[in-house]
Structures are given as structure tokens and as C-alpha cells.
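Residue-level structural notes
Listed below, chain by chain, are the residues.
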Amino acid sequence: MSESAAQEIPMSRRQLLSFVTGGAIAATTAATLYPVVLYFLPPSTAGGGEGVAAKDKEGKDISVSKLLAAVTPGERVLTLGLDVNGGDATYIVINDQKEVANFGINAVCTHLGCVVPWDNGAKQFKCPCHGSVYNADGGLERGPAPQPLALVKTTVSEDKVLIAPWTEQDFRCTDLWCNKDPYWAK
Ligand code: FES
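For clarity, every value in this text was computed on a predicted model and none was experimentally measured. (Residues numbered from 1 in each chain as written. Predicted model: local features only at pLDDT ≥ 70, side-chain atom pairs only at ≥ 80, totals over all residues. Heavy atoms only, no water.)

With respect to the overall build of the protein chain
What counts is decided by this rule: Secondary structure follows DSSP: runs of H or I at least 4 residues long count as helices, runs of E at least 2 residues long count as strands, and numbering of each begins at the N terminus. Note on classification: 1.4 Å probe, protein chains only; a residue is buried when its accessible area is under 20% of the maximum for its type, exposed when over 50%, partly exposed between these limits. Every residue pair with non-hydrogen atoms within 4.5 Å of one another is taken to be in contact. Each accessible area is a Shrake-Rupley result for a 1.4 Å probe, and residues are judged covered by the shown protein chains and nothing else.
Helix and strand counts for the protein chain stand at three helices and ten strands. Secondary structure elements of the protein chain, listed N to C terminal, follow the sequence α-α-β-α-β-β-β-β-β-β-β-β-β. Buried positions account for 41% of the 186 residues belonging to the protein chain. Counted over contacts in the protein chain with a minimum sequence separation of 6, partners at least 24 positions apart contribute 51%. When the accessible surface of the protein chain is totalled, it reaches about 9,900 Å², and 56% of it is carbon and sulfur.

Take a look at the structure:
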């Protein structure tokens, strides 16, 4: 990887590791408490949305207005989200109109579980562990990963990004992978 290409990746591997390690503790706690808290909340206080709020590396809810002020169109932003596919590091997808898209991408490589960095210059996810490449939607472009990155559903509610399971068909097809049934849906 060239120096300029490396600079385009928003987080170093060490930052990613500490992000995910620190976030895993917060997310485990959140995952444990979330159903309990939800049980005691009347439906009207949930803001009409569904899912868990995406969090930053300090475990605080992401503010959509602050997020959109800081990103470029088409960017993918790493957050803590929903535990699917063996991990909860999740990319929020910013579309070309600089809005939060209605899907997010689980950041855990489907090969051996590394968190996959986003290359904003190449518009691809490139796994540093064994070289797998995914396109901007998480579709599989190059192995050894056997499957695309898992999808999640994202909605914006009260300045937060809510992340929920993606149970609909997988809309991505590449030369390496095309299967409409979401493999991550239990
Ligand atoms: S863990 Fe990503 S290519 Fe091996």
C-alpha cells in the first residue's frame, strides 16, 4: 500500500483495535441492558424508530447532525452497532447526497474476523489481514473471504442512527458472490 493510500484510511490498525476492544465492553453491557431498559419503556418513548443507537468509540450515541457536518458524500463511518456476524463494529453509510443510507455494513471480515478498514480514496473495504476486498456496499470483490460483509438496517430518529437486523433480501451481486438470502439472518 502506498503512503498516500495509507493516509486515506481514516483509522490506523491500532486505533481500530482499541476502538473495537473498548467498544466491545461497552457494547456487551449495552446489549445486556438494552432489552431490560426497553421492557420498561412505553413504546412512545422509543421515538418511533427501532434498533440500537449507533455509538462512537467512547460509547456515546452518535449525533447525526454532527456526523453529517464532518463527513464527505459517499463516506463510510465506523461505529459500534449491532452484534451480527460475530461482531458489532458497524459502518454507517453516507450516500452521495450526504445523508445516512437505509443500510449499514458490519465491519467484521467474513474470512477470519478482522475489522475491515474503509479506503475512502479507492471506495472499497480492504482487509489488512489476508487481502480480501469488498466494494462500497460490502459486496465481495476479492477473497479469501467467502461472503460479503453482513448488512444491517439503519434509520435516523431524533438525531440518532438506529441500527436493526437486516432480514430482507441481499441486494448485492458481484462476480464472486450472489445470494439473495441473507446468510447472517438467524
Ligand atoms: S480476515 Fe480478512 S482476509 Fe482474512
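There is more to say, and it comes next.
A word on the pairing of strand 4 (residues 100–106)
Here is the rule: Two strands pair under a simple rule: DSSP has to find at least two bridges between them.
Among the seven residues that make up strand 4, six are buried, leaving the element largely enclosed by the rest of the structure. As paired elements, strand 4 and strand 9 (residues 151–157) share three bridges and run antiparallel to each other. Each bridged residue has a counterpart across the sheet, and for G104 the counterpart in strand 9 is V152.

Quick look at the sheet that holds strand 6 (residues 124–126)
The antiparallel open sheet is built from four strands, whose spatial order is 5-6-7-8. Looking at which strands have only one partner, the edges of the open sheet turn out to be strand 5 (118–119) and strand 8 (140–142).

Considerations on the state of the cysteines
We apply this condition: In this description, a disulfide is simply a cysteine sulfur pair whose atoms lie within 2.5 Å.
Taken as a whole, this structure holds two disulfides when the rule is applied. C114 shares a disulfide with C129; S-S distance 1.9 Å. Disulfide C114 to C129: torsion about the S-S bond roughly -100°, handedness left-handed. Of this pair, C114 sits in the loop between strand 4 and strand 5 while C129 sits in the loop between strand 6 and strand 7 (133–134); the two residues are 15 residues apart in sequence, bridging distant segments of the chain. You can call C129 partly exposed: its relative accessible area is 28%. Put simply, C173 and C178 are joined by a disulfide, and their sulfur atoms are 1.7 Å apart. Looking at C173, the relative accessible area reads 41%, which means it is partly exposed. The partly exposed category is assigned to C178, whose relative accessible area is 47%. The connectivity of the disulfide bonds within the protein chain can be written as 1-2, 3-4, using the sequence rank of each bonded cysteine.

Observations regarding the nonpolar core
What tends to happen in soluble globular proteins is that the nonpolar side chains get buried as a cluster. Under the convention used in this document: Put simply, buried Ala, Val, Leu, Ile, Met, Phe, Trp, Tyr and Cys residues joined by side-chain atoms within 4.5 Å make one nonpolar core.
Among the nonpolar cores identified, the biggest contains 24 residues, and Y91, F103, I105, V116, F125 and Y134 are the most heavily contacted of them. Sorting the residues of this core by element identifies strand 3 (87–94) and strand 4 as the ones contributing at least two each. Among all residues touching I105, those that are not within four sequence positions of it are A89, T90, Y91, V93, F125, A136, D137, G138, L149, A150 and V152. The next biggest cluster of nonpolar side chains, apart from the first, holds 14 residues, and it includes A54, L67, V71 and V77.

Digging into the pairing of strand 10 (residues 160–165)
Pairing of strand 1 (residues 52–53) with strand 10, which is carried by two bridges, proceeds in the antiparallel orientation. Bridging across to strand 10, A53 finds its partner in L162. Two elements, strand 9 and strand 10, share six bridges in a ladder whose sense is antiparallel. In the sheet register, S157 faces strand 10, and the bridge partner there is K160. As consecutive antiparallel partners, strand 9 and strand 10 are separated by two residues, and within that stretch E158 has a phi angle of approximately 50°, a positive value.

Digging into the packing of aromatic side chains
In plain terms, the rule: A pair of aromatic rings is counted whenever rings of Phe, Tyr or Trp (Trp by its six-membered ring) have centres within 6.5 Å, and the orientation is called stacked for planes under 30 degrees apart, edge-to-face for over 60 and tilted otherwise.
Inspection of every chain in the model, using the stated rule, returns six aromatic pairs. Here the aromatic rings of Y183 and W184 are separated by 4.9 Å at their centres, their planes lie at 85°, and the arrangement is edge-to-face. The exposure class of Y183 is partly exposed, given its relative accessible area of 24%. Classification of W184 by relative accessible area gives buried; the value is 5%.

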